[in-house]
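# A structural walkthrough
Listed below, chain by chain, are the residues.
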Amino acid sequence: MEFRSHTLSNGLEIIAEVNPRAYSLGLAFFVKTGARDETDEISGVSHFLEHMVFKGTPHRSAADVNRELDELGSHSNAFTSEEQTVYYATVLPEYQEKCIELLADIMRPALREDDFVTEKKVILEEIAKYEDEPPYGAHEKSMAVHFGDHPLARSVLGTAASVSALSAEQMQAYFDRRYSPMNMALVAAGKVDFAQLIRQAKRFCGGWPPFAAERAISRAPQRQAFQVYANDSAAQEYCVLLANGPCATDDDRYAGRILATVLGDDSGSRLYWELVDSGLAECALMGAYEYQGTGLFMAYLGCMPEDAAANLKRMHDLFRKAESEGITEQEIVRAQNKICSHVVRQAERPSSRMFSVGNGWIQRREYRTTAQVVKAYRKVTAAQVNALLAKYPLTTNTTVCVGPLTEIEPPQ
């Protein structure tokens, strides 16, 4: 296993974890742009643009793009988050050049007006579908309440109003501001011919004009709020609890993920035994999420409406007990075993390593081997986790509930 990197004259970074023993390779363009880089007026443009990228280029139609991806036998797709848009494909090593050429071409999309009009309908249907299905936009509503005026408050999908009003010219202007080679990375993992990868990137991407694409990064303030949104379509009550946590560059992010596993893993955690195994809730989970400049602990509860208030009180009491009494060494070890096992299993697939390598580079400009990641988790102590609980108290949180209820008694 070897990490390699190179930067083209226009600023495009090429990074790869080369594994000569692998049987496949993953290739991706990571673009450092997402919902946090938008304005309220163009909210949802990053995700909309992701769709439009596959609608063709000056050299290929949408049918050509999809046909050629099939001809390569690739597993390919794209996704948009609050902070990045990623276009990826996993192929056999002999298709490295063809795959790079195709992915590079769609990074310069045609953005045709007729495609824009058609795809807007698809996006609006997606927004409506998301609002009509459980948990009825609870995640987006909780992010909006918790972050307030912070850029991370914006929904990745945008709103029906913002997407309806969006013009093709606004999308083109956004592309021209964000899709700079200086704001992107070409990431590869697996059986990569890195020398050829550099030559291929120069040939297919070297002519892209460079320009600065800045991002404002700030830590979100600590927030406490409780909001209930009534939805007559829901049978259950869906509750999301957000508390501040470590950001993407904080060293204690490893302790944060261990804490989330101890308290809210989908099996064997404190929330599981308290609420799910006991039959009080269908679902009770917790995870840690790191962004540039700020971070979150996010807990999720799904239960019958009549149990919502009592279950929220149980969650609050569980968090308060963790803050006052701490997490035990035995719980830390169990969480470490779970996380490290998952990290190692994921690392066996080049496509998974591609995402890990790309995320680390885009967020922190850092490369870590699987062994280094495992070591970082193994080093975490109960004292560090308990110090993190004091720094980011889970009882100070934003709680948003969506379901049949019009009001719920907040836990005290």
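Here the structure is shown first, and the text comes after it.
Residues numbered from 1 in each chain as written. Predicted model: local features only at pLDDT ≥ 70, side-chain atom pairs only at ≥ 80, totals over all residues. Heavy atoms only, no water.

## Structural notes on the overall build of the protein
Short version of the rule: The helix count covers DSSP runs of H or I at least four residues long, the strand count covers runs of E at least two residues long, and both are numbered beginning at the N terminus. Each radius of gyration is computed over the set of C-alpha atoms, and the globule rule expresses the reference value as 2.2 Å times the number of residues to the power 0.38. Burial status follows relative accessibility: with a 1.4 Å probe on protein chains alone, a residue under 20% of its type maximum counts as buried, one over 50% as exposed, and anything between as partly exposed. Contacts between residues were defined by any pair of non-hydrogen atoms, one from each residue, lying within 4.5 Å. Per-residue accessibility takes into account occlusion by the displayed protein chains alone, with areas from the Shrake-Rupley method and a 1.4 Å probe. Positive charges are assigned to Lys and Arg, negative charges to Asp and Glu, while His and the chain termini are left out of the count. To locate a charge, the coordinates of NZ of Lys, CZ of Arg, CG of Asp or CD of Glu are taken.
Assigned secondary structure in the protein consists of 15 helices and 11 strands. Taking 22 Å as the expected radius of gyration for a compact globule of 412 residues, we find that the protein reaches 22 Å, a close match to that expectation. Considering only C-alpha atoms, the protein reaches an extent of 60 × 50 × 35 Å along its principal axes. Evaluated residue by residue, the protein yields a buried proportion of 56% over its 412 residues. When contacts within the protein are restricted to residue pairs at least 6 apart in sequence, those whose partners lie at least 24 apart make up 82%. Summing over all exposed atoms, the protein offers an accessible surface of approximately 18,000 Å²; the carbon and sulfur share of this is 50%. Within the protein, the 55 negative side-chain charges are centred at a point lying 8 Å from the centre of the 43 positive side-chain charges.

## Looking at the pairing of strand E5 (residues 85-91)
The line we're drawing: In this scheme, strands are said to pair when DSSP sees at least two bridges between them.
Where burial is concerned, most of E5 is hidden: seven out of the seven residues are buried. Burial of E5 is two-sided: the residues Thr85, Tyr87, Ala89 and Val91 facing one way and the residues Val86, Tyr88 and Thr90 facing the other way are all buried. Sheet topology note: the strand E3 (residues 25-31)/E5 ladder contains seven bridges and is antiparallel. Looking at the pairing, valine 31 lines up with threonine 85 of E5. Bridge count for strand E4 (residues 75-80) against E5 is six bridges, and the pairing is antiparallel. When the bridges of E5 are listed, alanine 78 appears paired with tyrosine 87. Where E4 folds back onto E5 in an antiparallel hairpin, the turn is made up of four residues.

## Regarding the sheet that holds E5
Just so we agree on the cut-off: Note on method: axes are straight lines fitted to C-alpha atoms, helices fitted across the in-contact stretch only, with angles between N-to-C directions ranging 0 to 180 degrees.
Here six strands make up an open sheet; going across it, the order is E1-E2-E6-E3-E5-E4 and the pairing mixed. Bordering the open sheet on either side are strand E1 (2-7) and E4, each of which pairs with just one other strand. Put simply, the sheet's adjacent strands are angled 15° from each other on average, direction ignored.

## A few points about helix H12 (residues 329-347)
Short version of the rule: A helix is expected to span 1.5 Å for every residue after the first. Read the arc as the range of directions from the helix axis to the C-beta atoms.
With 19 residues, H12 extends 27 Å between its outermost C-alpha atoms, agreeing within 8% with the 27 Å of an ideal straight helix rising 1.5 Å per residue. For H12, the full list of buried residues reads Glu331, Ile332, Ala335, Gln336, Ile339, Cys340 and Val343. Looking straight down H12, one finds that the buried residues subtend no more than 150° of arc, so they occupy a single side. Of the surrounding secondary structure, the elements contacted by the buried residues of H12 are helix H9 (253-264), helix H10 (270-276), helix H14 (370-378) and helix H15 (382-391).

## Section: the side chain of arginine 108
For clarity, the cut-off: Salt bridge, as used here, is a side-chain nitrogen of Lys or Arg placed within 4 Å of a carboxyl oxygen of Asp or Glu.
Position of arginine 108 among the secondary structure elements: in the loop between helix H3 (96-106) and helix H4 (113-132). Lacking a salt bridge, the buried arginine 108 has aspartate 176 as its closest oppositely charged neighbour, with an N-O distance of 7.0 Å. Sequence-distant contacts of arginine 108, defined by excluding residues within four places in its chain, comprise Thr57, Pro58, Phe175, Tyr179, Met184 and Trp208.

## Considering the environment of isoleucine 327
Inspection of the secondary structure puts isoleucine 327 in the loop between helix H11 (308-325) and H12. Considered as a pair, isoleucine 327 and aspartate 251 are 76 residues apart in the sequence and their alpha carbons are 19 Å apart.

## Quick look at the environment of serine 76
Mapped onto the fold, serine 76 is located in strand E4. For the pair serine 76 and leucine 157, spaced 81 residues apart in the sequence, the C-alpha separation amounts to 21 Å. If sequence neighbours within four positions are ignored, serine 76 has contacts with Leu69, Tyr88 and Ala89.

## Thoughts on the nonpolar core
Buried together is how nonpolar side chains tend to be arranged in soluble globular proteins. Rule in force here: The definition of a nonpolar core used throughout is a set of buried Ala, Val, Leu, Ile, Met, Phe, Trp, Tyr and Cys residues joined through side-chain atoms within 4.5 Å.
Phe29, Met107, Met171 and Leu197 are the most contacted members of the largest nonpolar core, which has 53 residues in total. Residues in contact with methionine 107, not counting those within four places in the same chain, are Phe29, Val31, Val53, Tyr87, Phe175, Tyr179, Met184 and Trp208. Grouped together as the second largest cluster of nonpolar side chains are 45 residues, Phe297, Leu312, Ile332 and Val374 included.

## Overview of the sheet that holds strand E11 (residues 398-403)
Spatially, E7-E11-E8-E10-E9 is the arrangement adopted by the five strands of the open sheet, whose pairing is mixed. Taken across any chain shown, the strands that pair with only one partner, and hence form the sheet edges, are strand E7 (225-230) and strand E9 (283-290). Each neighbouring strand pair of the sheet contributes to a mean axis angle of 15°, computed without reference to strand direction. Pairing analysis gives five bridges linking strand E8 (residues 237-245) to E11, with the strands arranged antiparallel. Bridge pairing links valine 240 to valine 400 in E11. Across the sheet, helix H5 (residues 138-147) touches E7, E8, strand E10 (295-303) and E11, and the angle it forms with E11 is around 150°.

## Here's the deal with the packing of H3 against helix H8 (residues 194-205)
What counts here: Relative orientations are named as follows: roughly parallel for angles under 35 degrees, roughly antiparallel for angles over 145 degrees, roughly perpendicular for angles from 65 to 115 degrees, and oblique for any other angle. By convention, the crossing between two helices is left-handed when the near helix turns anticlockwise from the far helix through less than a right angle, and right-handed when the turn is clockwise. Put simply, Ala, Val, Leu, Ile, Met, Phe, Trp, Tyr, Cys and Pro go in the nonpolar bin, Asp, Glu, Lys and Arg in the charged bin, and everything else, Gly too, in the polar bin.
Their axes nearest at 10 Å, the elements H3 and H8 cross at an angle of 30°. Here H3 is positioned roughly parallel relative to H8, judged by the angle of their axes. H8 is crossed by H3, and the crossing has right-handed handedness. Seen from H3, the contacting residues are Gln96, Glu97, Ile100, Glu101 and Ala104; seen from H8, they are Gln196, Leu197, Gln200, Arg203, Phe204 and Cys205. For the contact of H3 with H8, a count of residues per class yields five nonpolar, three polar and three charged.

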